[in-house]
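If you want the building blocks of each chain, they are given just below.
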Amino acid sequence: MSAYLLPGVEFNAAIKAASDSVQSALVSIAFEYTANVNVDASKFNSAIDVSKDKDNSVRALLSKDSTRLIVHSDDDICTADAHNMFYALQSLSTVAFNNFSLSTCTNVSRMFMNCKSLMEVNLSNCTAEDIASADEMFSGCISCQSINISRIALPKGTAAYNLFNECYSLRRLSVGSKFAFTDAMALANPQPKYVPSTNGKWNNPYQGTSFSASELAAAHKQACTYYANDVASTQHDSNIVTLKTLKCAASQIASAVSDRLKVIDA
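Procedures and definitions
Residues numbered from 1 in each chain as written. Predicted model: local features only at pLDDT ≥ 70, side-chain atom pairs only at ≥ 80, totals over all residues. Heavy atoms only, no water. Helix = DSSP H or I, 4+ residues; strand = E, 2+ residues; numbered from the N terminus. Buried < 20%, exposed > 50% of the residue type's maximum accessible area, 1.4 Å probe, protein only. Areas by Shrake-Rupley, 256 points an atom, 1.4 Å probe, with all protein chains shown as cover. Pairing = 2+ DSSP bridges. Salt bridge = Lys/Arg side-chain N within 4 Å of Asp/Glu carboxyl O. Core = buried A, V, L, I, M, F, W, Y, C linked by side-chain atoms within 4.5 Å. Contact = heavy atoms within 4.5 Å. pLDDT = per-residue confidence, 0-100. 1 Å grid on protein atoms, 1.4 Å probe; cavity = no way out; pocket = protein on both sides within 12 Å on 5 of 7 lines; lining within 4 Å. Points joined across faces, edges and corners; volume = space filled by probe spheres on them. Nonpolar A, V, L, I, M, F, W, Y, C, P; charged D, E, K, R; others polar. Axes fitted to C-alpha atoms, helices over the stretch in contact; angles between N-to-C directions.

**Focus on the overall build of the chain**
No. 1: Looking only at helices and strands, the chain has 4 helices and 14 strands in total.
No. 2: For the chain, the residues scored as buried account for 42% of the 266 residues in total.
No. 3: As displayed, the chain has an accessible area near 13100 Å², and 50% of this comes from carbon and sulfur atoms.

**Description of the pairing of strand β11 (residues 172-175)**
No. 1: For strand β10 (residues 146-149) and β11, the ladder comprises 4 bridges, and the chain directions are parallel. Of the residues in β11, the one forming a bridge with Asn 148 is Ser 174.
No. 2: The pairing of β11 with strand β14 (residues 224-229) spans 4 bridges and is classified as antiparallel. Each residue of the ladder has a partner; that of Arg 172, found in β14, is Tyr 227.

**Looking at the pattern of salt bridges**
No. 1: By the definition in use, this model includes 2 salt bridges.
No. 2: Across the salt bridge formed by Glu 136 and Arg 110, the nearest N and O atoms sit 2.8 Å from each other. Residue Glu 136 is located in the loop between β9 (120-122) and β10, and its partner Arg 110 is located in the loop between β8 (100-101) and β9; the two are separated by 26 residues in the primary sequence.
No. 3: The residue Lys 178 makes a salt bridge to Glu 129 at a minimum N-O spacing of 3.2 Å. Within this pair, whereas Lys 178 is found in the loop between β11 and β12 (198-204), its partner Glu 129 is found in the loop between β9 and β10, the two being separated by 49 residues in sequence.
No. 4: Judged by its relative accessible area of 47%, Lys 178 falls in the partly exposed class.

**Remarks on the nonpolar core**
No. 1: Counting residues in hydrophobic clusters, the biggest one holds 64 residues, and the most contacted among them are Val 71, Phe 86, Phe 112, Phe 138 and Phe 164.
No. 2: Of all the secondary-structure elements, those providing two or more residues to this core are α1 (8-18), β2 (28-33), β4 (59-62), β5 (68-73), β7 (94-97), β10, β11 and β14.
No. 3: In terms of residue count, the dominant contributor to this core is β14 (3 residues).
No. 4: Apart from residues no more than four positions distant in its own chain, Val 71 is found in contact with Leu 5, Phe 11, Ile 29, Ala 30, Phe 31, Glu 32, Val 50, Val 58, Arg 59, Ala 60 and Ile 77.

**Re the side chain of Asn 204**
No. 1: Relative to the assigned elements, Asn 204 resides in strand β12.
No. 2: Judged by relative accessible area, which is 8%, Asn 204 ranks as buried.
No. 3: The contacts of Asn 204, once residues within four sequence positions are left out, are Thr 209, Cys 224, Thr 225 and Tyr 226.

**Focus on the environment of Ser 169**
No. 1: Positionally, Ser 169 belongs in the loop between β10 and β11.
No. 2: Between the C-alpha atom of Ser 169 and that of Pro 190, which follows or precedes it by 21 residues, the distance is 7.9 Å.
No. 3: Contact partners of Ser 169, with chain neighbours within four places excluded, come to Ile 142, Ser 143, Cys 144, Gln 145, Tyr 194 and Val 195.

**Regarding the side chain of Asn 162**
No. 1: By the secondary structure assignment, Asn 162 is in the loop between β10 and β11.
No. 2: Residue contacts for Asn 162: discarding those within four places in its chain leaves Glu 136, Ser 139, Ala 184, Met 185 and Ala 186.

**Details of the confidence of the model for the chain**
No. 1: Of the residues in the chain, 86% have a pLDDT of 70 or more, and the chain-wide mean is 91.
No. 2: With pLDDT under 50 throughout, residues 234-245 is counted as low confidence; its partners more than four residues away or in other chains account for 5 contacts.

**Examining the layout of surface pockets**
No. 1: If you add up the space inside the largest pocket, you get close to 170 Å³.
No. 2: The wall of the largest pocket is formed by 13 residues, among which Asn 204, Gln 207, Gln 222, Ala 223 and Cys 224 lie closest to the centre.
No. 3: When residues of the lining of the largest pocket are assigned to their parent elements, the largest contribution, 3 residues, is made by β14.
No. 4: Its residues assigned to classes, the lining of the largest pocket comprises 6 nonpolar, 6 polar and 1 charged.

**Describing the sheet that holds strand β1 (residues 2-4)**
No. 1: In spatial order, the strands read β1-β6-β8; together these 3 strands make up an open sheet with parallel pairing. With one partner strand each, in any of the chains shown, β1 and β8 form the two edges of the open sheet.

**Quick look at the sheet that holds β11**
No. 1: As summarised here, the arrangement of the 6 strands in space is β9-β10-β11-β14-β12-β13, forming an open sheet in which the pairing is mixed. The open sheet has two edge strands, β9 and β13 (209-211), and neither has a second partner. Each strand of the sheet is rotated relative to its neighbour by a mean of 20°, with strand direction disregarded.

**Here we look at unusual backbone geometry**
No. 1: Not every positive phi belongs to a glycine, and Glu 166 is a case in point at roughly 65°.
No. 2: Along the chain, the position of Glu 166 falls in the loop between β10 and β11.
No. 3: Residues other than glycine seldom take positive phi values, yet Ala 186 does so here, at roughly 65°.
No. 4: For Ala 186, a relative accessible area of 24% gives the class partly exposed.

This is how it looks when you write it as structure tokens:
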């Protein structure tokens, strides 16, 4: 089952109308199943209906200080049009898309445009095969360090002008096999001013390859996460994590064996 959210422009207007300070104060948004919402009611305003059909199937709770918004429903929350959904929410730093769906969406243009404080966009749970426009989707997200749109298809010919314009701080970009890079997307080469460890390339540590932004159009063939830091540094960090994981596992196995031996001796 799915519940439909207001189109992006209307959703943006509805939450800004709920409080004069939303545009400058809102820090976090979470899309949740109603059963998972557990808040102190005294710290939130009355819920507002943000469903497309005005049937209260999707409701929004805004904290009284306007810093936190919870959009909830008993079902998956869908939208056919995400254009301008979070446009110019200047203090927004996190969005949790726990039960959010783009499966019927055709327009994600300017979805996060000018969200200048946004640190990460993780849409890895959202599959979208029919996007017609993604123009300026992340344009002006100057603080965003990680974007995951690995399940969103943007094949050659999709309108995606200035998709990554002014994403100066971007360090990690995950895209799928149905994503076609173009120069019009305005993805820049990483700059040391914003990413101190960069080698000025987009790197695939698992293949040991590095590409300039303009080279990705020809180089990208399959789902991949590209990193702005150099391959050696990324691989080093990966090796450290792997080593820690192995040490932890070894410790747990040794503890289990020791406990088993004690039982046998007894």
